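Inside the fold
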Amino acid sequence: MFELSYLQIVILIFAGIFVGFAKTGISTMGIFNAMLVTIIFPAKMSVGILLPMLIIGDIIAVAYYRKKVIKNHLISLMPWALIGVIGGYLVLLKVDNNQLKLLLGALICGLILLQVLRDLMGAKFDSRFPSSMWFIASMGILAGFATTIGNVSGAIIAIYLFAKQVPKQEFIGTGAWFFLLVNLVKVPFFIHLGMITSDSLLIGIWTIPLIAIGAYAGIKLLPLIPQVYFQRLVLLLGAFGALKLLAEGIVIN
């Protein structure tokens, strides 16, 4: 493995813990993990480094919440997510990192606004949109696209599952299965793009204990967070991360 600086080691320690916590606790912390690793590595390289770490976190989350999955929501979302993965792969072939930051930031902000609209419309939104094919298709495609180009689809899945009025443990369990399946699908695409290397795999291996620590913390803390505050915290973190991505893209451009 290439030699890591002290700063890189410290940030990877925090990133490992946060990956685990995001997988079993607050899913939109994934946006912070993505931003954290881009501090010390080039953007595309950071996405490739994070993927093996995320898969390890997914396996832990699925093992613990394996009985908390809502299969209908998962099955209806997956075919559309695969379309989004392919779209994300094609974009990664063409678009530079700064354009991706702007795109992701705008995408997540738009989805946060959608959740605000849901809160304002209440029952009208829940009766019209969550069960409609266009809503399921758009959420699936956007989630697959966002996770492929930046590992930042936590906010999208959060809005999809909140619109379905999923309780927090089923929220984590269904999300865990979704991300494990989609992240495994992404692996050959990332290898082809040169974003997963032997170095990124070794980083993933040595962060396993850190990911496990973060996952344990998430499992213990999640039951202590009331559902209403859980939802608000997830969306708040997602919005903050989206604004950060937008700011970075605008400043650099």
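Here the structure is a predicted model, which is why all the values come from computation and not from measurement. (Residues numbered from 1 in each chain as written. Predicted model: local features only at pLDDT ≥ 70, side-chain atom pairs only at ≥ 80, totals over all residues. Heavy atoms only, no water.)

1. A closer look at the environment of tryptophan 177
So the rule is basically this: Numbering of helices and strands runs from the N terminus, with a helix taken as a DSSP run of H or I at least four residues long and a strand as a DSSP run of E at least two residues long. In what follows, residue pairs with any heavy atoms lying within 4.5 Å of each other are defined as contacts.
Inspection of the secondary structure assignment puts tryptophan 177 in helix 9 (residues 168-192). Distance in space between the C-alpha atoms of tryptophan 177 and alanine 63 is 9.6 Å, their sequence separation being 114 residues. Contact partners of tryptophan 177, with chain neighbours within four places excluded, come to Val62, Arg66, Val69 and Leu74.

2. Brief notes about the packing of aromatic side chains
Put simply, the rule reads: When two rings of Phe, Tyr or Trp (its six-membered ring) have centres within 6.5 Å they constitute a pair, described as stacked for plane angles under 30 degrees, edge-to-face for angles over 60, and tilted for the intermediate range.
For the coordinates displayed, the defined rule picks out six aromatic pairs. Summarising the aromatic geometry, the rings of tyrosine 64 and tyrosine 65 are spaced 4.9 Å apart at their centres and angled 80 degrees between planes, so their arrangement reads as edge-to-face. Through successive ring pairs, a cluster of aromatic residues spans Trp134, Phe135 and Tyr160.

3. A word on the nonpolar core
Test applied: We call a set of buried residues a nonpolar core when its members are Ala, Val, Leu, Ile, Met, Phe, Trp, Tyr or Cys and they connect through side-chain atoms within 4.5 Å of each other. Exposure categories follow from relative accessible area, calculated using a 1.4 Å probe and restricted to protein chains: below 20% of the type maximum is buried, above 50% is exposed, and the middle band is partly exposed.
Counting 48 residues, the largest nonpolar core has Met53 and Phe178 as its most contacted members. With eight residues, helix 8 (residues 154-163) is the single largest residue contributor to this core. Among residues more than four places away in sequence, those in contact with phenylalanine 178 are Leu74, Leu77, Met78, Ala81, Ala143 and Ile157. The next biggest cluster of nonpolar side chains, apart from the first, holds 14 residues, and it includes Val47, Phe145, Leu180 and Phe190.

4. Examining the side chain of histidine 73
Inspection of the secondary structure puts histidine 73 in helix 4 (residues 71-94). Apart from the residues lying within four places of it in its own chain, the contact partners of histidine 73 are Tyr160, Lys164, Val166 and Thr174.

5. Examining the side chain of aspartate 58
Examined against the element boundaries, aspartate 58 turns out to sit in helix 3 (residues 43-65). For aspartate 58, a relative accessible area of 0% gives the class buried. In this structure aspartate 58 touches Lys23, Ala176, Phe179, Leu180 and Asn183, once residues within four positions along its chain are discounted.

6. Here's the deal with the confidence of the model for the protein chain
We count it as follows: In predicted models, pLDDT denotes the confidence assigned by the predictor to each residue on a 0 to 100 scale.
Looking at the protein chain, pLDDT values average 81 and 80% of them are 70 or higher. Helix 4 holds the highest mean pLDDT among the elements of the protein chain, 92, whereas helix 6 (residues 123-128) holds the lowest, 58.

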